[in-house]
Amino acid sequence: MKTFILAALALVAAADRPQPTYHPAPAYRPQPSYAPAPSHGHSGYKPIAILEQEDVHPGDGTYSSHFSTENGIYRSESGVPLPGYGKNQYGQEEGSYKQEGSWSYTDGYGNPVKVTFVADENGYQPSSDVLPTPVPTEYPTPEVSYDNSYQQPQPAYGKY
């Protein structure tokens, strides 16, 4: 009987605890506000005007495009499809283009930078004085003799 009374009291004590309530998240959450980006000594952003822009697509697969901006950036590109260019039976393009052009700008030290390029079946091939070139090796590659005097090393186990 005492066990029954203790169990009943425990049930009453557990039932008397406040139950957690469900609070759904609001459908609208205010967007966080961010501080403006640092200006780093600049008073504001000044848009750069495009002085000239031309895109020509005559419809035969060739194209040419160029633009220049007031801060000295220039880009020019032209392309022609190589033989075999077109769409396959599934409507996917196959074949490739030959593209060539150049781009130029003035670097942060006031030096003009110009890069010319060709992109074709051999890949993208830029050319410029500012691009790194491999350092020539100082020592020649040694000659290796391929005669039959070489003997395969033999295992040393079992010889002691």
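Rules behind the numbers
- Residues numbered from 1 in each chain as written.
- Predicted model: local features only at pLDDT ≥ 70, side-chain atom pairs only at ≥ 80, totals over all residues.
- Heavy atoms only, no water.
- Helix = DSSP H or I, 4+ residues; strand = E, 2+ residues; numbered from the N terminus.
- Contact = heavy atoms within 4.5 Å.
- Areas by Shrake-Rupley, 256 points an atom, 1.4 Å probe, with all protein chains shown as cover.
- Pairing = 2+ DSSP bridges.
- Phe/Tyr/Trp six-rings, centres within 6.5 Å; stacked < 30°, edge-to-face > 60°.
- Buried < 20%, exposed > 50% of the residue type's maximum accessible area, 1.4 Å probe, protein only.
- Salt bridge = Lys/Arg side-chain N within 4 Å of Asp/Glu carboxyl O.
- Axes fitted to C-alpha atoms, helices over the stretch in contact; angles between N-to-C directions.

In this section: the overall build of the protein. Check the secondary structure of the protein and you find one helix and eight strands. Long-range pairs, those at least 24 residues apart, make up 15% of the contacts in the protein with a sequence separation of at least 6. Here the protein has roughly 14,800 Å² of accessible surface; of this, 57% comes from carbon and sulfur atoms.

Here the focus is the pairing of strand 1 (residues 50–56). The pairing of strand 1 with strand 2 (residues 63–69) spans six bridges and is antiparallel. Residue pairing in the sheet places I50 in a bridge with T69 of strand 2. Here strand 1 hands over to strand 2 after six residues, with G59 in that stretch at a positive phi of 100°.

A separate point is the packing of aromatic side chains. Inspection of the entire model under this criterion finds three aromatic pairs. Between F117 and Y124, the aromatic rings sit 5.5 Å apart at their centres with planes inclined by 35°, giving tilted as the arrangement. The class for F117 is buried, based on a relative accessible area of 6%. Taking the relative accessible area as the measure of exposure, Y124 reaches 48% and is therefore partly exposed.

Before going further, it helps to spend a moment on the pairing of strand 6 (residues 97–106). Of the strand pairs in this sheet, strand 3 (residues 74–81) and strand 6 are connected by eight bridges, and their pairing is antiparallel. Residue pairing in the sheet places S76 in a bridge with S102 of strand 6. Where strand 6 and strand 7 (residues 112–120) come together, eight bridges link them in antiparallel fashion. Following the sheet pairing, E100 is matched in strand 7 by V118. Hairpin remark: strand 6 followed by strand 7, antiparallel, with five residues in the connecting loop; positive phi at G110, about 90°.

Our focus in this paragraph is the side chain of S128. On the secondary structure map, S128 appears in the segment after strand 8 (123–127). Setting aside anything within four residues of it in sequence, one finds S128 in contact with K114 and V115.

So, about the environment of Y85. Looking at the secondary structure, you find Y85 in the loop between strand 3 and strand 4 (86–87). For the pair Y85 and G95, spaced 10 residues apart in the sequence, the C-alpha separation amounts to 4.1 Å. The contacts of Y85, once residues within four sequence positions are left out, are E93, E94, G95, S96 and Y97.

Before going further, it helps to spend a moment on the pattern of salt bridges. Summed over the entire model, instances satisfying the criterion amount to two salt bridges. Residue K46 pairs with E70 through a salt bridge whose shortest N-O separation is 3.3 Å. Placement of K46 in the loop between helix 1 (2–16) and strand 1 and of E70 in the loop between strand 2 and strand 3 is noted, with a sequence separation of 24 residues between them. When its relative accessible area of 54% is taken as the criterion, K46 is described as exposed. For E70, a relative accessible area of 39% translates into the label partly exposed. For R75, the salt bridge goes to E77, with nearest N and O atoms at 2.4 Å.

With that settled, consider the sheet that holds strand 8. Strand order in the open sheet formed by six strands is 1-2-3-6-7-8, and the pairing between neighbours is antiparallel. Of all strands in the sheet, those with a lone pairing partner are strand 1 and strand 8, marking the two edges. Neighbouring strand axes in the sheet, compared pairwise and without regard to direction, differ in orientation by 10° on average.

All quantities given are derived from atomic positions and should not be read as evidence of function.
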